[in-house]
Amino acid sequence: LLRSSQPLTGPNRRRCREDEKLLGTILDEGERGFIIDTRSAQAAKQARMGGGGTEPKSCYPQWRRLHRALERGRPLQESFIRLVETCSDPSLSMDRWLARLDSSRWLSHVKAALSTACLAAQCLDREHCKVLVHGAEGTDTTLLVTALAQLILDPSCRSLEGFQALLQREWIEAGHPFQLRCARAAAPQGRGKQEAPLFLLFLDCVWQLSRQFPFSLEFGEQLLLTLFDNAYASSFGTFLCNSERERSLCKVKESTHSLWDWLDQPEERHKYLNPLYSHNPLVIWPSVEPQSIQLWQGLFLRWIRPSQHLDEAWEEIQRLVEGN
């Protein structure tokens, strides 16, 4: 599973022979691979008309390109804002609330992300083909797909330590611009041009996996909520800046503490573990049917719906598991 951090061709040039040679060395003779492009076919066509975008299919005879459009900018941010506004309005009737939830299209974005990750996982697991995930810049939807595909395929990524390593590798070191994307959350009066809740969308997809496979992830919802909180406002340096280069220039590691070190302390670690966890060596294939994708109430309704009884039930489950 590979990810592309740049277009397959540059501006004002028809071909990039270096890319052709690189992709050609990945596949053996007679072997085939898939390029999953997270832009729409129309967006790629428009980019080609400007001299960039993608190269002709004939330049990559062993690769098959699949377009699976995923929103990454303003449309995703607007969807998030509409969802938050809906969840924050207690005056709505049930019918009106459900209509506004549907019109926000947030659950459609969740479904699209999981569907694309499943496609990448199927190409690897069932077709036994190499996969290159390609996006506009390689630091947003590309990371979303590769990280989710690894969770689906690799049981080691579903442990607490493995999940932390996945986030460090696929989001932080790969250069997701946290500072730009998570600047002001969903405040309508403070919408930045480059804000987009890509990391939140990833966490929501992980929550969907944890709900559909309650025994397969070693960590629980509390970890996902903690990650969301720290991505937007944190006492730690883990999600600061927009790239490893910026973190190095700002000496983040030398002047701040790591969130991972904090979470790994014994007195903290147990708070984030799933008491029902049982190692599952198999691939987990999530359902992406509409009835299977649910609103993450623990996050989007956390300040509206009391969580006392849910917390007490979770503590009772932990007690029963430890007692047995």
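- Looking at an unreviewed UniProt entry, the chain carries the name MTMR9 protein, with the source organism given as Erithacus rubecula.
- The Sequence similarities (unreviewed entry) comment attached to the chain in UniProt states, word for word, "Belongs to the protein-tyrosine phosphatase family. Non-receptor class myotubularin subfamily."

## Looking at unusual backbone geometry
Line of reasoning, step 1. Residue His-128 is not a glycine yet carries a positive backbone phi of 55°.
Line of reasoning, step 2. Judged by its relative accessible area of 62%, His-128 falls in the exposed class.

## As for the packing of helix α5 (residues 106-125) against helix α6 (residues 141-153)
Line of reasoning, step 1. Following both chains from N to C, one finds α5 and α6 inclined at 60°, their axes separated by 8 Å at the closest point. Between α5 and α6, the interaxial angle falls into the category oblique. For the pair α5 and α6, the crossing hand works out as right-handed. On α6, the residues that touch Ala-113, Leu-114, Thr-116, Ala-117, Cys-118, Ala-120, Ala-121, Leu-124 and Asp-125 of α5 are Leu-144, Val-145, Leu-148, Ala-149, Ile-152 and Leu-153.
Line of reasoning, step 2. Here the contact of α5 with α6 is built from residues that sort into 13 nonpolar, 1 polar and 1 charged.

## Re the packing of helix α7 (residues 160-172) against helix α9 (residues 198-212)
Line of reasoning, step 1. Packing of α7 against α9 brings their axes to within 13 Å, and their N-to-C directions diverge by 150°. The angle between α7 and α9 places the two elements in the roughly antiparallel class. Between α7 and α9 the crossing geometry is right-handed. Seen from α7, the contacting residues are Phe-163, Leu-167 and Trp-171; seen from α9, they are Leu-198, Phe-199, Phe-202 and Val-206.

## A look at the packing of aromatic side chains
Line of reasoning, step 1. A full pass over the atoms with the stated rule returns 14 aromatic pairs.
Line of reasoning, step 2. Relative to Phe-239, the ring of Phe-178 has its centre 5.0 Å away and its plane inclined at 50°; by these criteria the two rings are tilted. Pair noted here: Phe-178 is in helix α8 (residues 178-181) and Phe-239 is in the loop between α10 (221-232) and α11 (244-249), with a separation of 61 residues, a long-range link.
Line of reasoning, step 3. For Phe-178, a relative accessible area of 1% puts it in the buried group.
Line of reasoning, step 4. Between Phe-239 and Trp-260, the aromatic rings sit 6.2 Å apart at their centres with planes inclined by 80°, giving edge-to-face as the arrangement. Here the residue Phe-239 occupies a position in the loop between α10 and α11, and Trp-260 occupies one in helix α13 (residues 259-263), the gap between them amounting to 21 residues.
Line of reasoning, step 5. In this structure Phe-239 comes out as buried when scored by relative accessible area, which is 6%.
Line of reasoning, step 6. Residue Trp-260 is classed as buried on the basis of its relative accessible area, which comes to 10%.
Line of reasoning, step 7. Ring pairs connect the aromatic residues Phe-163, Trp-171, Phe-178, Phe-199, Phe-202, Phe-219, Phe-239 and Trp-260, which therefore count as one cluster.
Line of reasoning, step 8. Over the ring of Trp-285 we find Arg-126; its NZ or CZ atom is 4.6 Å from the centre of that ring.

## Observations concerning the layout of surface pockets
Line of reasoning, step 1. Each pocket or cavity is described by its volume, and for the largest pocket that value is around 930 Å³.
Line of reasoning, step 2. Residue lining of the largest pocket: 32 residues in total, with Glu-221, Gln-222, Leu-310, Asp-311 and Trp-314 positioned closest to the centre.
Line of reasoning, step 3. Every element with two or more residues in the lining of the largest pocket is listed here: α9, α10, α15 (297-300) and α16 (308-323).
Line of reasoning, step 4. Among the residues forming the lining of the largest pocket, the class breakdown is 15 nonpolar, 10 polar and 7 charged.

## Overview of helix α3 (residues 74-87)
Line of reasoning, step 1. Between its first and last C-alpha, α3 extends 20 Å over 14 residues, near the 20 Å set by a 1.5 Å rise per residue.
Line of reasoning, step 2. Residues Leu-76, Gln-77, Glu-78, Ser-79, Phe-80, Ile-81, Leu-83, Thr-86 and Cys-87 constitute the buried set of α3.
Line of reasoning, step 3. Buried residues belonging to α3 abut α4 (94-104), α5, α9, α10 and α15.

Each value, and the rule that gives it
Residues numbered from 1 in each chain as written. Predicted model: local features only at pLDDT ≥ 70, side-chain atom pairs only at ≥ 80, totals over all residues. Heavy atoms only, no water. UniProt positions renumbered as here; feature names shortened; annotations may be inferred. Buried < 20%, exposed > 50% of the residue type's maximum accessible area, 1.4 Å probe, protein only. Axes fitted to C-alpha atoms, helices over the stretch in contact; angles between N-to-C directions. Helix = DSSP H or I, 4+ residues; strand = E, 2+ residues; numbered from the N terminus. Parallel < 35°, antiparallel > 145°, perpendicular 65-115°, else oblique. Left-handed = near helix turned anticlockwise from the far one by under 90°. Contact = heavy atoms within 4.5 Å. Nonpolar A, V, L, I, M, F, W, Y, C, P; charged D, E, K, R; others polar. Phe/Tyr/Trp six-rings, centres within 6.5 Å; stacked < 30°, edge-to-face > 60°. Lys NZ or Arg CZ within 6 Å of the ring centre and 35° of its normal. 1 Å grid on protein atoms, 1.4 Å probe; cavity = no way out; pocket = protein on both sides within 12 Å on 5 of 7 lines; lining within 4 Å. Points joined across faces, edges and corners; volume = space filled by probe spheres on them. Expected span 1.5 Å × (residues − 1).

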